[in-house]
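Here is what each chain is made of, one letter per residue.
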Amino acid sequence: MGQRIDVKNLNVYYGNFHAVQDVNMVIPANKVTAFIGPSGCGKSTVLRTLNRMHEITPGAYCTGEVLLEGKNLYDKDTDPVEVRRNVGMVFQRANPFPTMSIRENVLAGVTLNNRKISKSDADDLVEWALRGANLWKEVKDRLDNPGIGLSGGQQQRLCIARAVAVHPQVLLMDEPCSALDPISTLAVEDLINELKKDYTIVIVTHNMQQAARCSDYTGFFNLEAIGKPGHLVELDETSTIFQHPKNPKTEEYISGRFG
Amino acid sequence: MASESASVDTTSDRGPTPDFDKFVPKRSYTQWRKRKDLFMRILIFLSFVVALIPLISVLWTLIANGVGRLDWYFLTHNMNHIKGGMPAQGTDDEYGGIMHAMIGTLEITLGAMAISIPIGLFTAVYLVEYSSGGRLYHAISFFVDIMSGIPSIVAGLFSFSLFSVFAGHGVSTGFVGSVALSVLMIPTVVRSSQEMLKIVPQDLREASYALGVTKSRTITKIVLRTSLSGIVSGVLLAIARVIGETAPLLITAGSNIKTNGNLFSGTMMSLPVYINSEYEKRTVNCRADVANCVSTIPMERAWAAALVLIIIVLVLNLIGRLVAKIFAIDENQK
Ligand SMILES: Nc1ncnc2c1ncn2[C@@H]1O[C@H](COP(=O)(O)OP(=O)(O)O)[C@@H](O)[C@H]1O
Ligand SMILES: [Mg+2]
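Residues numbered from 1 in each chain as written. Chains lettered and ligands numbered in written order. Predicted model: local features only at pLDDT ≥ 70, side-chain atom pairs only at ≥ 80, totals over all residues. Heavy atoms only, no water.

K.L.:
Can you lay out the nonpolar core for me, pointing to particular residues and giving the numbers?
P.N.:
The biggest cluster of nonpolar side chains holds 90 residues, and the ones touching the most others in it are Val23, Phe35, Leu50 and Phe97 of chain A. Counting residues per element, this core draws most heavily on helix 12 (residues 297–327) of chain B, which supplies eight residues. Beyond its immediate stretch of four places on either side in the chain, valine 23 of chain A contacts Val7, Lys8, Asn9, Leu10, Val46, Phe221 and Leu232 of chain A. Formed by 43 residues, the second largest nonpolar core is a distinct cluster that contains Ala34, Val139, Leu180 and Phe220 of chain A. (Core = buried A, V, L, I, M, F, W, Y, C linked by side-chain atoms within 4.5 Å. Buried < 20%, exposed > 50% of the residue type's maximum accessible area, 1.4 Å probe, protein only. Helix = DSSP H or I, 4+ residues; strand = E, 2+ residues; numbered from the N terminus. Contact = heavy atoms within 4.5 Å.)

Dropping the structure here:
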């Protein structure tokens, strides 16, 4: 089952640069929440704070709270490695491990953590994750081929399979379709719709049709000017955002009259 | 914009209109470019030929002079009981060999690898994965650069005096030589590994972290694994670079006519030192009434040993390429 995320007074900084200001939002469990907004307004930054991935960037830090089912990810005694096991991530560019086969890629979350897994358990997990990512039929006869030999869309679904194989509660996706052709994009969007049964999904997209097609909730981020911090303008049900947004800025962006 | 707004004429706000015909390459220019291209091609090819001349001439001289004394006996015997220009006991045309020097070179090089690979690799991992470009990073980079410029004789003197201080004056063992060579190898290993680690895409590290993998395992199982082929070939090139070092081994490992299997005790012969010592003898005196005495035998042995040394370096390079191929990332096959 997915878990709900509460973000309270989140501010994110890259060194001295204040990237995102005062974000407050609720991301409901087992729903798809989309982040939209112009480039550079901090969508990726906010997404990465949801599993503490921003901490990999030297100098990046945040203040405020991110609660996963009520538990603050930024508590002193919370281990970021543990957080990322609960909150998985799929990136803009498909990034299967080049030294691993398709099968090894799916099992990477288990084997890289040095846990032993029996052959039959591994077979089951690989099939389950690849079925979950709608990739099983296409690759079941060549599981030992390298993951980077697949097409772009297949690679991205392989990355989704790899992410779900560690069985997270939440799946973060940063523009997962922006490097894909339209057919692969549809395949991934269908997949997102199926995955929300089991996971809470947050997806960043610069494609508004995509947000409208596959999300239940949409958050609109904006920034006042270049160099100013980005902020969340509003987050509501997708139909409301696209038909009756409360904020005129949202209306402007949605209807393309932006800037 | 605001200053122009008084004017009703909208064209005044359009800015300049470039005349693109002016920028089209002229025909004469195109021809000149083609001629220049041909000229440069010839120049580059000639430089390539010039660069090849010394290489081919060295190989040719080595083979022509070295192949005469290079046989199985030469590779499997040492210089024990060899006197002057006389053949070894029980033979009439074998004059000693280089087995002790080859084994010594092997031991000393393995010792140097055992020291410099861990230190060099850990340093590179620190520089790329852990440091955030602070003072320590710059200090290490600076000293690695300095180290790569150390003349090899100085590395030998360093190792010699290090062991003189801690193990008694004038100790001469293979291991002292290994330390001297590792001083020369470490900067090369650091630099080549650092370059290889740097080109591992950040994406892969993030993908690993996003699966809940710790930093240490991300480094060992993703970053090092992905760059393995480059690191291995870098290390092999570093070995090929130091395996022919003579000066530091002359003052640290010394020379020996027998095979020494113990890296930590007794002087040890190595191929370059062997070549040097045979070369220094040049000729030996032969009495006219002794039939099998060859007065030029030291030079002949030096040539044959040099040929063996260069073959070892070539083989190391080939192994490097092979290993790089084996560990390389292949999209199509496994
Ligand atoms: N690694 C980084 N270091 C410094 N500044 C960054 C970094 N990543 C993003 N930023 C800055 O943070 C702001 C938000 O970026 P980002 O979250 O990538 O925006 P979006 O994903 O909405 O396009 C931008 O101004 C960007 O320049
Ligand atoms: Mg982004």
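Still more to cover.
K.L.:
If you had to explain the environment of valine 12 of chain A to someone new, which residues and values would you point to?
P.N.:
All names here are of chain A. Among the secondary structure elements, valine 12 is positioned in strand 1 (residues 5–14). Sequence spacing of valine 12 and lysine 116 is 104 residues, and the spatial spacing of their C-alpha atoms is 38 Å. In this structure valine 12 touches Phe17, His18, Ala19, Val20, Thr45, Thr49, Tyr61 and Cys62, once residues within four positions along its chain are discounted.

K.L.:
Just give me the short version of the interface of chain A and chain B, but keep the residues and values in it.
P.N.:
Between chain A and chain B, the residue contacts involve 32 residues of the former and 23 residues of the latter. Sorting the residues of chain A by area buried against chain B places Phe97, Thr99 and Leu112 of chain A first, and these three jointly supply 25% of that buried surface. Where chain A meets chain B, there are two salt bridges. A salt bridge links arginine 93 of chain A to aspartate 203 of chain B, with the nearest nitrogen and oxygen atoms 3.0 Å apart. Taken together, the links from chain A to chain B amount to seven residue pairs in polar contact (both at pLDDT 80 or more). Per element, the largest residue contribution to the side of chain A that touches chain B is four residues, and it comes from helix 3 (residues 102–111) of chain A. Here the residues of the side of chain A that touches chain B are counted per class, giving 16 nonpolar, nine polar and seven charged. (Buried area = accessible area lost by both parts, 1.4 Å probe. Salt bridge = Lys/Arg side-chain N within 4 Å of Asp/Glu carboxyl O. Polar contact = N/O pair within 3.5 Å; in protein donor to acceptor, adjacent residues only side chain to side chain. Nonpolar A, V, L, I, M, F, W, Y, C, P; charged D, E, K, R; others polar.)

K.L.:
Requested: an account of the site of ligand 1, with residues and values cited.
P.N.:
Residue and element names in this part refer to chain A. The local shell around ligand 1 consists of Tyr14, Phe17, Ala19, Ser39, Gly40, Cys41, Gly42, Lys43, Ser44, Thr45 and Thr57. Contacts to ligand 1 include cysteine 41, whose backbone N or O atom sits 3.4 Å from an oxygen atom. The contact in question runs from an oxygen atom of ligand 1 to an N or O atom on the backbone of glycine 42, over 3.1 Å. Protein burial of ligand 1: of its 560 Å² of free accessible surface, 62% is covered by the chains. (Near = heavy atom within 4 Å. Areas by Shrake-Rupley, 256 points an atom, 1.4 Å probe, with all protein chains shown as cover.)

K.L.:
Go over a positive patch on the surface with me, naming the residues and quoting the values.
P.N.:
All names here are of chain B. Taken together, the side chains of Arg27, Arg33, Lys34 and Lys36 make up a positively charged region of the molecular surface. Within the secondary structure layout, arginine 27 lies in helix 1 (residues 27–66). Looking at arginine 27, the relative accessible area reads 66%, which means it is exposed. (Patch = residues over 30% accessible without salt bridge, like charges linked within 9 Å, V, L, I, M, F, W, Y side chains within 5 Å. Lys, Arg positive; Asp, Glu negative; His and termini not counted. Charge placed at Lys NZ, Arg CZ, Asp CG, Glu CD.)

K.L.:
Break down the packing of aromatic side chains for me, citing the residues and quoting the values.
P.N.:
Scanning all chains against the criterion turns up nine aromatic pairs over all chains. Aromatic side chains tyrosine 13 of chain A and tyrosine 61 of chain A sit 5.0 Å apart centroid to centroid with 15 degrees between the ring planes, which places their arrangement in the stacked category. Of this pair, tyrosine 13 of chain A sits in strand 1 while tyrosine 61 of chain A sits in strand 4 (residues 60–68), and the two are 48 residues apart along the sequence. Since its relative accessible area comes to 19%, tyrosine 13 of chain A is described here as buried. Three or more aromatic residues link up through ring pairs in this structure, and these residues are Phe163, Phe175 and Phe264 of chain B. (Phe/Tyr/Trp six-rings, centres within 6.5 Å; stacked < 30°, edge-to-face > 60°.)

K.L.:
Requested: an account of the packing of helix 7 (residues 202–210) of chain B against helix 8 (residues 215–226) of chain B, with residues and values cited.
P.N.:
Residue and element names in this part refer to chain B. For the pair helix 7 and helix 8, interaxial distance at closest approach is 10 Å and the crossing angle is 140 degrees. The interaxial crossing formed by helix 7 with helix 8 has right-handed handedness. Packed against helix 7, whose contacting residues are Leu204, Arg205, Ser208 and Tyr209, the element helix 8 presents Lys215, Thr218, Ile222, Val223 and Thr226 at the interface. Across the contact of helix 7 with helix 8, the residue classes tally to four nonpolar, three polar and two charged. (Axes fitted to C-alpha atoms, helices over the stretch in contact; angles between N-to-C directions. Left-handed = near helix turned anticlockwise from the far one by under 90°.)

K.L.:
Would you mind going over the domain arrangement of chain B in detail, with residue names and values included?
P.N.:
Residue and element names in this part refer to chain B. Under the domain assignment, chain B is made up of domain 1 (31–68) and domain 2 (72–327). Using C-alpha coordinates to define each centre, domain 1 is positioned 30 Å away from domain 2. Counting from both sides, the interface comprises eight residues of domain 1 and, opposite them, five residues of domain 2. Together domain 1 and domain 2 conceal approximately 570 Å² of surface at their shared face, both sides included; 87% is due to carbon and sulfur atoms. On the domain 1 side of the contact with domain 2, Leu62, Asn65 and Gly66 bury the most area, a combined 70% of that side's loss. Our count for the contact surface shared by domain 1 and domain 2 stands at zero salt bridges. (Domains from an automatic or database assignment.)

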